Every structure is written in structure tokens, then in C-alpha cells.
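# Structural characterization, general
Now for the letters of each chain:
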Amino acid sequence: MSREVLSSVVMPIAGEDDVVLVRRRVRDLAQAQGFDAFATAAVTTAASELARNALVHGKGGRATVRELNEDGRAGLSIQFQDQGPGIADLERALAGGYSTARSLGLGLSGARRLVDEFDIDSAPGRGTMASITKWKRLY
Amino acid sequence: MNRETRTPLKLDDAELRSRRAYFEINDEDLERLASLRAFGQTHLDDIIESFYRFILEHHESRVFFADDTSVQRVKRLQKEYFLGLFSGVLDVRYVENRLRVGATHERIGMPLRIYLGAYALYLRLLLVKLGEEYEPSLAGMHFRSVQKLVYFDMSLAVDTYIASYVETLGRHQAAIRELSTPCIRVYDRVLLLPLVGTIDTQRAQQIMETVLVRVADEQARVVIVDIAGVPVVDTKVADHLLKTTAALRLIGAESILTGISPHVARTIVQLGVDISAMYTKSRLADGIELALSIVGKRITQVAP
Ligand SMILES: Nc1ncnc2c1ncn2[C@@H]1O[C@H](COP(=O)(O)OP(=O)(O)OP(=O)(O)O)[C@@H](O)[C@H]1O
Ligand SMILES: [Mg+2]
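Taken together, 19 residues lie near ligand 1, and A:N53, A:H57, A:S99, A:T100 and A:S103 sit nearest. One finds residues of chains A and B in close proximity to ligand 1. Here a nitrogen atom of ligand 1 sits 2.9 Å away from a polar atom, N or O, in the side chain of A:D82. Coverage of ligand 1 by the protein chains reaches 94% of its 590 Å² of free accessible surface. Taken together, the elements giving at least two residues each to the shell around ligand 1 come down to α2 (37–56) and α4 (107–114) of chain A. Its residues assigned to classes, the shell around ligand 1 comprises six nonpolar, eleven polar and two charged.

The following block contains the structure:
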């Protein structure tokens, strides 16, 4: 299996506008790659959650949006990085229903369910790196 | 499958000719540059090494080259770029190549000033090498030709950045245009709130205020919130909808959510958001019917 990166774009996440721009780009790329409506909504929504987390909890950061190709199969991967406070209790944050921002606390757990690959690395003081990958469905 | 970096800019033949003329790059310059190819080859490694030593020494440029592999990769590209100066050809393909180099740097977020600083460094390094290799008057002539081409390249880089900024601006404007909210009275005590576009925190607040005031003014009993025009329903949007519903209930109005497409429905479920506090109907028409029934009205078929 060979995973090829077709394109890679770095986008800043410094305000709500940027969250919108990141997810627009993700949606546009998903559509351009021929993702179905479900997969497009899923990856766009997951990207929206993680971008907003990087903004709200991580005090801003950046997203790297990559178009992938693995043995002819199209995919999208987005990596979110911030230098914020990090997540102290990762397990709890991933379990869902836990929020330090009086919100629903469903962003992380929901995003994880919406994508094919989910990766997160965070520790107090080290910031947070989250990355998601969604593959185009083969019927 | 390989996709090339898109450059937001194109230069046709006529444009190229006039720009070449403006930078006074004549055939003599190109011949001179071609004759310097061996010189370029000889000093290639040395110059590229000095180049990256400088880049990695400075914090503002170092941050764009996170790891060793990416440095190795750009070094290779940089060598290509460098040798391109001595190709003796200045055609549309050359320009396209240069534009791509500019676009690549713009995309990784490198500020223009850092990029331009690197060109200046190139010229300094080349000036030193030329001075070591040739007697002063010849070195001067060589350097003039190199300088013309490097400045020409710089002009392309600047254009790439500007084109891309303009494009970004357009996208921002499109995002802004998505903001603003009408609230329509569809029937006595029934309001319709068609949401279109992106709902950020500010806008969600504005929506909630607008709708609460209207409901109080009109003594509305039902608000139909149609989200057919909302491209992404994430936890933030869902949270706003739920909070609006709760606030409306406090002033005695129900809310009905309509316009949920199948993929949005599924996304909401996968997110784990519970919207059972709201009435939901997939079609707006069904939402209106439900709203009317809440205010004690009904739509009926009239006999023809
Ligand atoms: N990038 C981040 N940096 C620091 N803390 C984070 C980050 N992302 C998530 N967290 C922590 O994990 C918790 C759960 O995140 P999650 O996205 O699931 O919920 P939320 O953002 O609080 O609410 P929402 O449901 O609106 O997304 C957050 O409340 C926050 O404490
Ligand atoms: Mg969140």
C-alpha cells in the first residue's frame, strides 16, 4: 500500500472566519474528489469541530489539509495543531459529554466517529495535535 | 496521478515579452547566463549549502522547514531553481515554473518579506563567487545579467502573492455575505426563520436576539427554524439551536426544526447530539402544517 500526497495546504486558524474557511476548503476538496454527500458532510463536520477546538481551547493554530491517494483511492486528511494548554484528561475528553467550555462536549467524540482514521496527541503545556482522515467510499 | 500546484496567475506570450523588455533582459543576457552554466554547476552545492545555513540560522525562515526531510526536499527544488537561472531560456514554461515556486512558498504561509530576503541572499552569494572567479569588469557584466533575471523572478513571486491574497479576500467576502437573518411571519403567530450559510457564535447570538424579540412582539406560538441552507451542522450549531429552543420555550413558543437533509441527519446522530427537545420535520411544508396545528389551524383540500 502506498499513500501519496497530492496536495497540501496550510491554513491559519486565528478566528471564526478561519474555521469557516478551513471547512469550506475541506468540503470543496471532498466534493472535487467525488466523495458522496454523507462522507462530505462527515469530514466537513469533523474538520469544523477540530478547527473550532484549536481556536477556542487551543488559542488558535493551524490546519494542514492534504489530498491523498492510496492505491487509486481518494482521501482527505486534515491535521490540526495548536500551542494551547493541551488536554489534561484525554480519555475523558474523548469519551464525550465533557466540556470545559460549557458546551455540549461532543466535538471530539463526534469527530472521531465521523472519520475513518483519528489521531490525537496532547499533553498539558505541549499543545494539541489532532489529525483525521476520510477515504472515499468504494462501492 | 499527480496534480500540479495551481498558480492563481497566468502569463501569456505578450505579457512575457513586455515584462522581459521592462527588465531589459535581452538575448545577450540569456547567452551570457547560458555560458555561466558550468560556473553554476561548479558552485551549486556550495551556494545552496550557504543558502540553507542562512535560512536555518534565522528564526523567521527556519519555522517553515520543520524537519530534515522537508529541508532535503526543498534543497533539491532549490538546486533546480538555481540551475534554471543558467538555462539561457526565458519562455512561458520558465515563467510557469517560477510562478509555481512562488505559489508553493505562499501556500506554506511564508511571508513575502522572507521570500524576498532569500532572493537578496542569492544575489550576494553569487556576487562573491563571480568576484572570485572572474576579473572585475567581466564579473560585473555577468552579475548584471544574473541580477536582471533574479529581479524578473522576484516580480513573478510578488505577483503570485498578490493574486493569492486577492483570491483569499474574495473567499472572505463570500463568507461574510453568508451572514444576516430574516425572520418571516408566515401566519398569525407563526414565524419562519430560514437559516442560510455559516452560523458562527456572533451570528447565533444575533439570531437568538432577533427571534426572541420578534416572538415577543408578535406573541408568536411557533417558530419554524429551517436549516436547509446551513451547509454544516456541527456541535456548535446544534448547541445554538438547542439553546434557542430552550429560550423560546421560556417565553411560551415552540420551535420546529425543518430542512434536515439525510446526510445532515446522519451527521447529527454520529456526533451524538440529542435534538429530541425540538420538533423536527424533514420538509418545510410538513413543518408549516405542524405549526398551524399547534395554533389550532389546518390546511384542507377545497372541493374543485
Ligand atoms: N485543542 C484543544 N486544546 C485544549 N483543550 C481541548 C482541545 N480540544 C478539546 N479540548 C478539551 O476537551 C474538551 C472536549 O472537547 P469537545 O470538542 O468534545 O467539546 P467542547 O469543545 O467543549 O464542546 P463542543 O461540543 O461544542 O465541541 C473541551 O472542553 C476542552 O477542555
Ligand atoms: Mg469542541
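On we go.
Residues and elements named next belong to chain A. Overall, antiparallel pairing links the five strands, which are arranged β1-β2-β3-β5-β4 in an open sheet. Each edge of the sheet is formed by a strand with only one pairing partner; in this case those strands are β1 (3–13) and β4 (117–123). This sheet shows a mean twist of 10° between the axes of neighbouring strands, independent of strand direction. Bridge analysis of β1 against strand β2 (residues 61–70) gives ten bridges, and the strand direction is antiparallel. Across the sheet, residue M11 finds its bridge partner in β2, namely A63. Lying over the sheet, helix α1 (residues 16–32) contacts β1, β2 and β3 (73–82), oriented at roughly 160° with respect to β1.

Conventions used here
- Residues numbered from 1 in each chain as written.
- Chains lettered and ligands numbered in written order.
- Predicted model: local features only at pLDDT ≥ 70, side-chain atom pairs only at ≥ 80, totals over all residues.
- Heavy atoms only, no water.
- Near = heavy atom within 4 Å.
- Polar contact = N/O pair within 3.5 Å; in protein donor to acceptor, adjacent residues only side chain to side chain.
- Areas by Shrake-Rupley, 256 points an atom, 1.4 Å probe, with all protein chains shown as cover.
- Helix = DSSP H or I, 4+ residues; strand = E, 2+ residues; numbered from the N terminus.
- Nonpolar A, V, L, I, M, F, W, Y, C, P; charged D, E, K, R; others polar.
- Pairing = 2+ DSSP bridges.
- Axes fitted to C-alpha atoms, helices over the stretch in contact; angles between N-to-C directions.
- Contact = heavy atoms within 4.5 Å.

It is worth stressing that arrangement in space is one thing and function is another; only the former is reported here.
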